Amino acid sequence: MRTITLGDRLDIETAFADFPSGVAALTAVVDGAPTGMVSTSFTVGISFEPPQVLFSVQKSSRTWPVLRRAERIGVSVLARGHEAACLQLASRSRDRFAGLDVTEGEGGALFVGGSALRLECSIHAEHDSGDHVLVVLDVERLDATADTEPLVYHRRGFRELLVATPHRDIA
């Protein structure tokens, strides 16, 4: 183990990449056009009553100021096999939706077909946090697929889960 210099952004990003995460696509139709981004900072279960989720977005994002105007935001937790869709939705240089299998929900929310989890959300709050904004979303509708493996992002690459003995009561 090595100590990271807190002033070195690349070292911090590399260290943070050691934490595996799922990948969520946040998408909607805004002003008649599909808009979207991906997030590896997406967190479920920050509240169960009411159901809320959280993600963070860089303040320099050009997509978030557009997406945040949507009445509803579709959150698709991407599944194994969505690697290409993830890279496309994260692209800054090409049509993020060309050829993607998406469906529209209420209020313009868009969902990526075959996702492990779909949440139709509205913005509850935004909180300033360093070079990011923390966004809390209220879950208005939830569709889950129990037999779909999530897409996992770890150390700047996609991984597969190894299924060990399941535990139901992990705190």
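Here the structure is a predicted model, which is why all the values come from computation and not from measurement.

Take the sheet that holds strand β3 (residues 33-39) next. Here seven strands make up an open sheet; going across it, the order is β3-β2-β6-β9-β10-β5-β4 and the pairing antiparallel. Strands with a single pairing partner mark the edges of an open sheet, and in this sheet they are β3 and β4 (43-48). On average, each strand axis in the sheet is inclined to that of its neighbour by 35 degrees, with strand direction left out of account. Of the pairings in the sheet, the one linking strand β9 (residues 117-129) to strand β10 (residues 132-144) comprises 12 bridges and is antiparallel in character. Across the sheet, the residue bridging to Asp-128 is Val-133, located in β10. Docked against the sheet, helix α3 (residues 83-90) engages β2 (24-30) and β3, running at close to 110 degrees with respect to β3.

Looking now at the packing of aromatic side chains. Taken as a whole, this structure holds one aromatic pair when the rule is applied. Plain terms: the ring middles of Phe-55 and Trp-64 are 5.4 Å apart, the flat faces sit at 80 degrees to each other, and that makes the pair edge-to-face. Across the pair, exposure class does not vary: Phe-55 and Trp-64 are buried alike. Sitting above the plane of the Phe-111 ring, Arg-118 keeps its charged end 4.4 Å from the centroid.

Within the secondary structure, Phe-97 sits in the loop between α3 and β7 (102-104). On the accessibility criterion, Phe-97 (12% relative accessible area) is buried. Along the sequence, Phe-97 and Arg-156 sit 59 residues apart, while their C-alpha atoms lie 22 Å from each other. Every residue in contact with Phe-97, bar those within four places of it in the chain, is listed here: Thr-27, Pro-34, Thr-35, Gly-36, Gln-88, Leu-89, Val-102 and Leu-110.

Criteria and cut-off values
Residue positions are given per chain, counted from 1 along the sequence in the order it is written. Restriction of local features to residues with pLDDT of at least 70 applies here, the model being predicted, together with a cutoff of 80 or more for giving and counting side-chain atom pairs; totals for whole chains, interfaces and linings are based on all residues. Only heavy atoms go into the side-chain values, all of them from the structure, while hydrogens and water stay out. Pairing between two strands requires that DSSP report at least two bridges joining them. Comment: elements are numbered from the N terminus, with helices defined as DSSP H or I runs of at least four residues and strands as E runs of at least two. Axis lines are fitted through C-alpha atoms, for helices just across the contact stretch, and the angle between N-to-C directions can take any value from 0 to 180 degrees. Whether two residues touch is decided by their heavy atoms; if any such pair falls within 4.5 Å, the residues are in contact. Aromatic rings from Phe, Tyr and Trp, taking only the six-membered ring of Trp, are treated as a pair when their centres fall within 6.5 Å; an angle between ring planes under 30 degrees marks them as stacked, one over 60 as edge-to-face, and anything in between as tilted. Throughout, exposure labels follow a simple rule: accessible area from a 1.4 Å probe, protein chains only, divided by the maximum for the residue type, with under 20% read as buried, over 50% as exposed, and the rest as partly exposed. In this analysis the charged atom, NZ for Lys or CZ for Arg, is taken to sit over a ring once it is within 6 Å of the ring centre and within 35 degrees of the ring normal.

Everything listed here is a matter of geometry and, on its own, says nothing about what the molecule does.
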